[in-house]
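Here is how the chains run, residue by residue.
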Amino acid sequence: MAAVAADPAAVDAAEDREPQRKAVPGLESQRRQIKSSESGRERPLRAGESWFLVEQHWYQQWELYVQGGDQDSSTFPGCINNAKLFEDQVNWRLKKGLVEGEDYVLLPEAAWHYLVSWYGLEHGQPPIERKVVVPSSLCICCVGTPAYAPFQVVELLSIQEVEVYPVELLLVQHSDMDTPCTAQFSHTDSVDLVLRTAREQFLVSPQEETRLWVKNAEGSFERLCNTRVTVLDAALKTGQLVVMETRNKDGTWPSAQPHTTKSASEDENFQGQPGICGLTNLGNTCFMNSALQCLSNVPQLTEYFLKNRYLEELNFCNPLGMKGEIAEAYADLVKQAWSGHHRSIVPHVFKTKVGHFASQFLGYQQHDSQELLSFLLDGLHEDLNRVKKKEYVELCDAAGRPDQEVAQEAWQNHKRRNDSVIVDTFHGLFKSTLVCPDCGNVSVTFDPFCYLSVPLPVSHKRVMEVFFVSMDPRRKPEQHRLVVPKKGKISDLCVALAKHTGVSPERMMVADVFSHRFYKIYQLEESLSSILDRDDIFIYEVSGRSAIGENSREDVVLPIYLRERTPARDYNNSYYGLMLFGHPLLVSVPRDRLSWDALYHILLYRLSRYVTRPSSDDEDDGDEKDLEDKDNIPKPGHVAGGSSQDPGPEQAGPSSGVAGGSRAPVDNSPGPSHWPQRARRKHLFTLQTVNSNGTSDRSTFNEDTHGVSFSCEPGLGRREGGFLGSRAHDHLPSPPAQPYIAIDWEPEMKKRYYDEVEAEGYVKHDCVGYVLKKAPVRLQECIELFTTVETLEKENPWYCPSCKQHQLATKKLDLWMLPETLIIHLKRFSYTKFSREKLDTLVEFPIRDLDFSEFVIKPQNESAPELYKYDLIAVSNHYGGLRDGHYTTFACNKDSGQWHYFDDSSVSPVTENQIESKAAYVLFYQRQDVARRLQPQPASSDPPASLGSSSPPNSEFMDVN
């Protein structure tokens, strides 16, 4: 290359710009430093390093200069000038198609800085810094490398190259999509650098929160959630549009429609107390709203989200998490609720996210607020877990070591895998002690917990309502309210009733009546737990000598149904339908002296309170012989030569003797029996043998010339369970040989002689006014019950390492370490094999100074009593029963100290004396030292006079959704 004289002016300018040039080393020293294998061009490429482009002509001039050995030579290259590499002098974009060795040379960072310090850089020109990357095309080739050539994979993976042409992205603001600006990024740059560049470009203040969207090839936009990944991992390509949006002051994002209960224009200028914001009920989502309001009023957790500390801890790669989506959805909800710009918001996005990751919450069925709270705390923890890669930790038993040592080891092991704001705020430590009943082996472990599920003291008594049906037909059925042992037997129910009625328990039979039938007739040894509170229980007085189907007894108990003939729907009027009505009866009759005619009069006597006997004017028109013979018809208690007058209760009771009488004819015709015309008073009804369902089934009866004999199998009535059918079906299966009798009425006869009002009448015994008072319990009693020794259930035995088998060991839980915010779940819902119930016991819980010092077994710090005292900050309430109900929230605002009642979208201030109720379900307590740290000047808890106060609805009148 021909020598070119140096321009003295350019040299002077370069000297002015780079005063370090006076301390330039010798030419040979320069050459060695720029070309060495340690810091010069011969240095191998390393991924992630920065290399710089230098224009080829200038570099060749520098080489000529240093090779000449004369520092005053005319070959002096002057300032580094890369102008030939740029398309223009405004955007400083590189020309396309530049070739290394022809247009430029590459220098590592150290060599570049040497040259700049010695010669300077042309004024206004930016350095052309590029990163060393592994070409993406090589990654694809590696995947396709044959298995028989593994050495090729190693060779390809070792190849690096300098990224001369970086990714050029078009950055725009969501509010101005028409004026993009271009920015260049290396494939190894993080998406966070893209975000910071956009913030700088659009002059966004540090206090404002932003996020990025990228427009894909299909024209839709996708969130760039994880800003810690590289441009290459995010698959960003040159020319892609990247949109930055800034969160609105009301906590919403411009890209989403603001979900508020009011129109945007109406709430545009609304400014209220932050945190006093309702949540719209989307349809049976009051359980979710209640849990969210409680969690939103935990001060340290809400501050964590409001101050954006969660952005640095989002864990997108946790396989147990939800890719940060639950945490981001919850953060959006908190920011909107605490912006002070909404009266109420619609949690539709959050509801959708929850249903996506927890299918049990899909749809709009009612759920449990504590179950959602458990899911949400676990989801937030995993989404915000600071541990990116969980190591394996082996759980160790105490093995005789001191509790302090074992507890510290357990907590450290827990924190090695679980470290998040949820752990910092809500996690405590149990001590669990298991004792083997056989060998006495003691196992002590320490386990973390997120909330306490404490049982409520359960009463051992139960109040049951029954109807007592006396054998005396003149007495109406009596309604009784009985107090019985909760785990008692049917016999206990009879004993309790005997105290009210004076009737011996041995003369009682208990039945469940449903749809005018006997759904079940109970045996004395059956458990009361099989009777539900909604069942209609009738207790019948029977003869002391009676039992259903037992041949060893002198009397037999007949189940009696009432039926009415109704015209069938078929157009053929020769057939009739039969419909059950009224209450069935259990009637004791003598087995050995029973006839159809006698049974008719016995039943007529039992129905005499509401069935009128026909007068002489109602007699049938028969021939003279019939009229002469009508007085010879036997009646209950009638014997030859006896009186023909109707007997009284003492004479003709159901257990009295019955003389042999006329024989009921065999009816071989289809349909119900048609009784023959007899010389007697008109029959009000006919009798029919039926099955337990009340339908005709005459196969169980045999008739002879002396009366009616029942073909009952020995032991009938003692069959297991005693079920006579299922309520879930219209046609109940009938047990074999069960002696059921139906009283069939013609409609006209029923209308004339049957008094329905009197038949349905009953009286209330004085005991009905009795209410089993449930004494309120203290929250401390529930915690004591939680720490009581219990024996494991058969379904959940413990494997004893000493016995080498599963044992029903005794277990005791103790509190070792309590969290900053303690969640206490009151176990109001009880589920057993036979029953489900909600305990509406009033639990008295303190608003302030809940002291746990007597429950924490860890050696205590006597100088810091506030570490064991808690103040209430929120309550999740449940009104209603098991099948339906409604959830609401009481919560104390962290800024004002004022308590509010949150009922979905409605919010109203309340006083502290309104908080305690039977509806309290989940309690949130904050440790006092944390409260003082967050709020040194506690505000008054009394409501402002201007706001007034409104009481929460009474549970009896609470609307359920």
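Only a predicted model underlies this, so the values are computations on that prediction, with no experimental measurement involved.

Explanation requested: the packing of helix α11 (residues 325-337) against helix α12 (residues 348-357) in the structure shown.
When two helices pack together, their arrangement is captured by the angle between the axes and the distance separating the axes. Taken N-terminus to C-terminus, the directions of α11 and α12 make an angle of 160°; their axes are 9 Å apart at the nearest point. Judged by the angle between their axes, α11 and α12 are roughly antiparallel. The interaxial crossing formed by α11 with α12 has left-handed handedness. In this structure, α11 uses Glu325, Ile326, Ala329, Tyr330 and Leu333 to contact α12, whose residues at the interface are Phe350, Lys353, Val354 and Phe357.

It is not clear to me how the environment of Leu815 should be interpreted in this structure. Could you clarify?
Residue position: Leu815 is located in strand β32 (residues 810-817). C-alpha separation for the pair Leu815 and Ile783, spaced 32 residues apart in sequence, amounts to 9.8 Å. The residues touching Leu815, leaving out its near neighbours within four places in the chain, are Leu429, Phe430, Leu452, Phe786, Phe852, Phe855, Val856, Ile857 and Lys858.

When you look at the layout of surface pockets in this model, what are you seeing that I'm missing?
The volume enclosed by the second largest pocket comes to roughly 1000 Å³. In terms of lining, the second largest pocket is formed by 45 residues, of which the most central are Glu209, Arg211, Arg223, Trp253 and Glu328. Contributing elements (two or more residues each) for the lining of the second largest pocket: α7 (191-201), β7 (210-215), α11 and α12. The element that contributes the greatest number of residues to the lining of the second largest pocket is α11, accounting for six residues. Its residues placed into classes, the lining of the second largest pocket shows 20 nonpolar, ten polar and 15 charged.

Help me out: how do you make sense of the pairing of strand β33 (residues 821-827) in this one?
Regular strands show a simple pattern: their side chains alternate between the two faces of the sheet. Counting buried residues in β33 gives six out of seven residues, a clear majority hidden from the surface. As judged from the four bridges shared by strand β14 (residues 452-455) and β33, these two strands associate in the parallel manner. In the sheet register, Val454 faces β33, and the bridge partner there is Leu826. The pairing of β33 with strand β42 (residues 920-927) spans five bridges and is classified as antiparallel. The partner of His825 across the bridge, within β42, is Val922.

Could you clarify how one ought to interpret the nonpolar core in this entry?
Buried together is how nonpolar side chains tend to be arranged in soluble globular proteins. Formed by 52 residues in total, the largest nonpolar core has its most connected members in Leu295, Phe305, Tyr330 and Phe924. Those residues in contact with Phe924, other than ones at most four positions away along the chain, are Cys294, Leu295, Val298, Leu373, Thr821, Leu822, Ile823, Asp871, Leu872, Ile873 and Ala874. Counting residues in hydrophobic clusters, the runner-up holds 45 residues, among them Phe467, Leu586, Val587 and Phe685.

Explain the sheet that holds strand β19 (residues 537-541) to me, please; I cannot follow it from the model alone.
Think of a sheet as strands paired side by side through backbone hydrogen bonds, with each pair either parallel or antiparallel. The sheet built from six strands is open, its strands ordered β18-β17-β19-β15-β16-β27 with mixed pairing. Here the strands that pair on one side only, and so sit at the sheet edges, are β18 (517-521) and β27 (763-764). Packed on one face of the sheet, helix α16 (residues 490-501) meets β15 (461-469), β16 (478-485), β17 (508-514) and β19 and runs near 130° to β16.

Just checking my understanding: could you explain the packing of helix α2 (residues 27-35) against helix α3 (residues 56-68) for this structure?
One can describe the packing of α2 onto α3 by two numbers: an axis separation of 9 Å at closest approach and a directional angle of 135°. Between α2 and α3, the interaxial angle falls into the category oblique. Between α2, through Leu27, Gln30, Arg31, Ile34 and Lys35, and α3, the contact on the second element is made entirely by Tyr59, Trp62, Glu63, Tyr65 and Val66. Grouping the constituent residues of the contact of α2 with α3 by class yields six nonpolar, one polar and three charged.

Could you clarify how one ought to interpret the pattern of salt bridges in this entry?
For side chains of opposite charge, pairing can occur when their charged atoms come near one another. Tallying each qualifying case throughout the model produces 43 salt bridges. As a salt-bridge pair, Arg247 and Glu209 come within 2.9 Å of each other at their nearest N and O atoms. With Arg247 in the loop between β9 (241-246) and α8 (264-267) and Glu209 in the loop between α7 and β7, the pair connects residues that are 38 residues apart, well separated along the chain. Owing to a relative accessible area of 11%, Arg247 belongs among the buried residues under this scheme. Accessibility expressed as a relative area gives 9% for Glu209, which makes it buried. Measuring nitrogen to oxygen at the nearest pair gives 3.1 Å for the salt bridge that ties Glu209 to Lys335. Highlighted residues: Glu209 in the loop between α7 and β7 and Lys335 in helix α11, separated in sequence by 126 residues. By the burial criterion, Glu209 is buried, and Lys335 matches it. Linked through salt bridges whose partners overlap, the residues forming this network are Glu313, Arg386, Lys415, Asp419 and Asp424.

I keep staring at the pairing of β15 and nothing clicks. Help me out?
Relative to β16, β15 is paired through eight bridges, and the arrangement is antiparallel. Its bridge partner being in β16, Met464 is matched across the sheet by Leu482. As paired elements, β15 and β19 share four bridges and run parallel to each other. In the sheet register, Phe468 faces β19, and the bridge partner there is Ile539.

What should I look at first to understand the packing of aromatic side chains in this one?
Here the distance between the centres and the angle between the planes together describe a pair of aromatic rings. Scanning the entire structure with this criterion turns up 33 aromatic pairs. When the centroid spacing of 4.4 Å and the interplanar angle of 25° are considered together, the rings of Phe430 and Phe449 count as stacked. Here the residue Phe430 occupies a position in strand β12 (residues 428-435), and Phe449 occupies one in strand β13 (residues 442-449), the gap between them amounting to 19 residues. No difference in accessibility class separates Phe430 from Phe449, as the two residues are buried. An angle of 90° between the planes, with centres 5.3 Å apart, marks the rings of Phe467 and Tyr762 as edge-to-face.

So, how was this worked out
- Along every chain, residues carry numbers that run from 1 in the direction the sequence is written.
- In keeping with the predicted nature of the model, local features appear solely for residues at pLDDT of at least 70, side-chain atom pairs appear and are counted solely at 80 or more, and the whole-chain, interface and lining totals rest on all residues.
- Values reported for side chains reflect all heavy atoms of the structure, with hydrogen atoms and water molecules removed beforehand.
- A fitted line through C-alpha atoms represents every axis, and for helices the fit uses only the stretch in contact; the resulting angles, taken between N-to-C directions, go from 0 to 180 degrees.
- In DSSP terms, a helix is any run of H or I states spanning at least four residues, a strand is any run of E spanning at least two, and both are numbered starting from the N terminus.
- Geometric relationships in this document are graded by angle, where less than 35 degrees denotes roughly parallel, more than 145 denotes roughly antiparallel, 65 to 115 denotes roughly perpendicular, and other angles denote oblique.
- Here a crossing is taken to be left-handed if its near helix is turned anticlockwise relative to the far helix by less than a right angle, and right-handed if that turn runs clockwise.
- The contact rule is simple, with two residues in contact once any of their heavy atoms fall within 4.5 Å.
- In this analysis the probe radius is 1.4 Å and the grid spacing 1 Å, with only protein atoms considered; a cavity is a set of points the probe fits into but cannot get out of, a pocket is an open set with protein on both sides within 12 Å along at least five of seven lines, and lining residues have an atom within 4 Å of a point.
- Grid points are joined across faces, edges and corners, and a volume is the space filled by probe spheres set on the points.
- Each residue receives one of three labels: charged for Asp, Glu, Lys and Arg, nonpolar for Ala, Val, Leu, Ile, Met, Phe, Trp, Tyr, Cys and Pro, and polar for the others, Gly being one of them.
- To sort residues, take the accessible area from a 1.4 Å probe on protein chains only and compare it with the maximum for the residue type: under 20% means buried, over 50% means exposed, and anything in between is partly exposed.
- The pairing criterion is simple: DSSP has to find at least two bridges between the two strands.
- What is meant by a nonpolar core is a set of buried Ala, Val, Leu, Ile, Met, Phe, Trp, Tyr and Cys residues, joined one to another through side-chain atoms within 4.5 Å.
- By convention in these notes, a salt bridge is any Lys or Arg side-chain nitrogen within 4 Å of a carboxyl oxygen on Asp or Glu.
- Aromatic pairs are defined between Phe, Tyr and Trp rings, using the six-membered ring for Trp, whenever the two ring centres lie within 6.5 Å; interplanar angles under 30 degrees are classed as stacked, those over 60 as edge-to-face, and all others as tilted.

These figures come from the coordinates and say nothing about function on their own.
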